[in-house]
Amino acid sequence: MRYIIIGAGAVGGSIGGRLAQAGHEVVLVARGAHHAALRDGGLRLKVPDGAYTYRLPAVEGPGELGELRADDVLVLAVKTQDTVTALHAWGPAPVAGGGTAAERLPLFCAQNGVEGQRLALRVFRRVYGVCVWLPATFVEPGHVFAACAPLTGILHLGRHPHGTDETARLVAADLEKTGFFEAPVVPDVARWQYAKLLTNLNNTVMAVSGPADGTEAATALRTRVRAEGEAVLDAAGIAYASVEEQQAVRGHKVDLVPLEGAPRGGGSTWQSLARGTGTIEADYLNGEIALLGRLHGVPTPLNDLLQQLANTFAHEHRAPGSMPIGDLVRLADEAVAFVQEA
C-alpha cells in the first residue's frame, strides 16, 4: 500500500517518516512554506534514536499525482478546522480503474477530537478513526520532533462509526512492523478518542498560559476543566476509556525524553499559536464539550471560556503562554460565578 499523508505536520510527519523508514511508499501533502521545505530539503524528523531526513514526494494536492492508485491509503492529519478543505480536494480525485477517492479509498482520520471523522463520513464511504497518542512538535517548516521512547506513539484504529475490518488490520500491521508504533484495532475507537478529548481540553490552558506551569493553581484549573468535560460526556451517555485503562495500555511505552535542539513548547494548540496560523482547533476540543453541554443541559463555563480565549489568541496572533496563570484562573472563577448567578 502507498500512504498519502494529508497534513505532514507533527502527527502526519511522524507517521509518514516512520513508515518511510520501514520501507513503505509515502507521499507527503503540505502547503506553503512547509511544502517548499519538504520538496527542497526533505522531511527532517528528529527522534530519540537519531535525526533522519526523508526525501519523499511532496505535493500540495491530488492533481500533482495524476490518478490515485487502488492501493492508496489516505491518512488525514490536518487540524480539524482544515478538514472540509482537504475533503473537498481529495474526495473527487480520480482512482485508476474508475471511481473517485471518496468512493474507493480508505481514509484514516489521525486527528484530535471526534468531528473530523464525522465530516469525512459525509464525503468518504470508508472512514476510520484513529486515537492519536503521539506527542510531537512542528513549528518550523520541514522539521518535526517526536520525543517519545521506546515507541513514537500508540494509535488505536477502527472503522467509523464502529467496527473493524481487514483494511484496519493491514494498516495496523504496517504501523507495528516499523517497530515504533503500537496500533490496537478496536471496534469502539470512539471510546478511546473521547478519552483523549478529555486530555486535550487542557491544550488551551497550556497554549494561553504556558505548557510547563506546574503551579497548584494550574493543576487545580486543569482538574476542573476535565471534570466539566466528564460531566458532559456522562450526561450525554458517551462512553470513554478511564484514566486507569489508558495508563495500563500506555505504561512506559511512550515516555517523553529530552531531544537536543527541540523547541520548547506545548501541545498542538500551543504549536498553532507559535506558528501564527491564525486558526486553532479549540472549536472541536473545548467546543465539542460546549456543544454537548448545550444539547444535554449541562453548563460548561470553563470550556466556553477556553474556547473563546483560544480563538482570540489565534485571531489576534498573540504569543503562546502570554497570559499569566493567575489571570486565567481569575477569568475561570468569574465565568463559573456568572453561570451560578444566572
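Look a little higher up for the structure.
The rules behind these values
- Residues numbered from 1 in each chain as written.
- Predicted model: local features only at pLDDT ≥ 70, side-chain atom pairs only at ≥ 80, totals over all residues.
- Heavy atoms only, no water.
- Helix = DSSP H or I, 4+ residues; strand = E, 2+ residues; numbered from the N terminus.
- Rg over C-alpha atoms; globule rule 2.2 N^0.38 Å.
- Buried < 20%, exposed > 50% of the residue type's maximum accessible area, 1.4 Å probe, protein only.
- Contact = heavy atoms within 4.5 Å.
- Areas by Shrake-Rupley, 256 points an atom, 1.4 Å probe, with all protein chains shown as cover.
- Lys, Arg positive; Asp, Glu negative; His and termini not counted.
- Charge placed at Lys NZ, Arg CZ, Asp CG, Glu CD.
- Axes fitted to C-alpha atoms, helices over the stretch in contact; angles between N-to-C directions.
- Parallel < 35°, antiparallel > 145°, perpendicular 65-115°, else oblique.
- Nonpolar A, V, L, I, M, F, W, Y, C, P; charged D, E, K, R; others polar.
- Expected span 1.5 Å × (residues − 1).
- Phe/Tyr/Trp six-rings, centres within 6.5 Å; stacked < 30°, edge-to-face > 60°.
- Lys NZ or Arg CZ within 6 Å of the ring centre and 35° of its normal.

K.L.:
Give a description of the overall build of the chain that names residues and reports values.
P.N.:
Helices and strands together make up the secondary structure of the chain, namely 14 helices and 14 strands. Rg of the C-alpha trace for the chain: 20 Å, near the compact-globule value of 20 Å for 342 residues, within the 12% margin. Looking at the chain as a whole, 54% of its 342 residues are labelled buried. A separation of at least 24 residues holds for 73% of the contacts in the chain among residues at least 6 apart in sequence. Of the roughly 14,000 Å² of accessible surface on the chain, 54% is carried by carbon and sulfur atoms. Each charge class in the chain can be summarised by its mean position, and for the 29 positive and 36 negative side chains these summaries are 4 Å apart.

K.L.:
Residue-level account of the packing of helix α7 (residues 189-200) against helix α10 (residues 243-250), with values.
P.N.:
Contact geometry of α7 with α10 gives a least axis separation of 11 Å together with a crossing angle of 105°. Considering the angle they form, α7 stands roughly perpendicular to α10. For the pair α7 and α10, the contacting residues are R191, W192, A195 and K196 in the first and E245, Q246 and V249 in the second. Tallied by class, residues from the contact of α7 with α10 come to three nonpolar, one polar and three charged.

K.L.:
Let's hear about α7: which residues, and what values?
P.N.:
With 12 residues, α7 should reach 16 Å at 1.5 Å per residue; the first-to-last C-alpha distance of 16 Å fits that figure. Counted residue by residue, α7 has nine buried out of 12 residues, so it is predominantly covered. The complete set of buried residues in α7 reads V189, W192, Q193, Y194, A195, K196, L197, L198 and N200.

K.L.:
Please give an account of the packing of aromatic side chains that cites residues and values.
P.N.:
Counted by the stated rule, this structure contains two aromatic pairs. The interplanar angle of 20° and the centroid separation of 6.1 Å between the aromatic rings of Y52 and Y54 together place this pair among those described as stacked. Between F108 and Y128, the aromatic rings sit 4.3 Å apart at their centres with planes inclined by 10°, giving stacked as the arrangement. On the criterion of sequence distance, the pair formed by F108 in strand β7 (residues 107-110) and Y128 in strand β8 (residues 127-133) is long-range, its members being 20 residues apart. Assigned by exposure class, F108 and Y128 land together as buried. The cationic tip of R159 hangs over the ring face of Y128; the distance from NZ or CZ to the ring centre is 5.1 Å.

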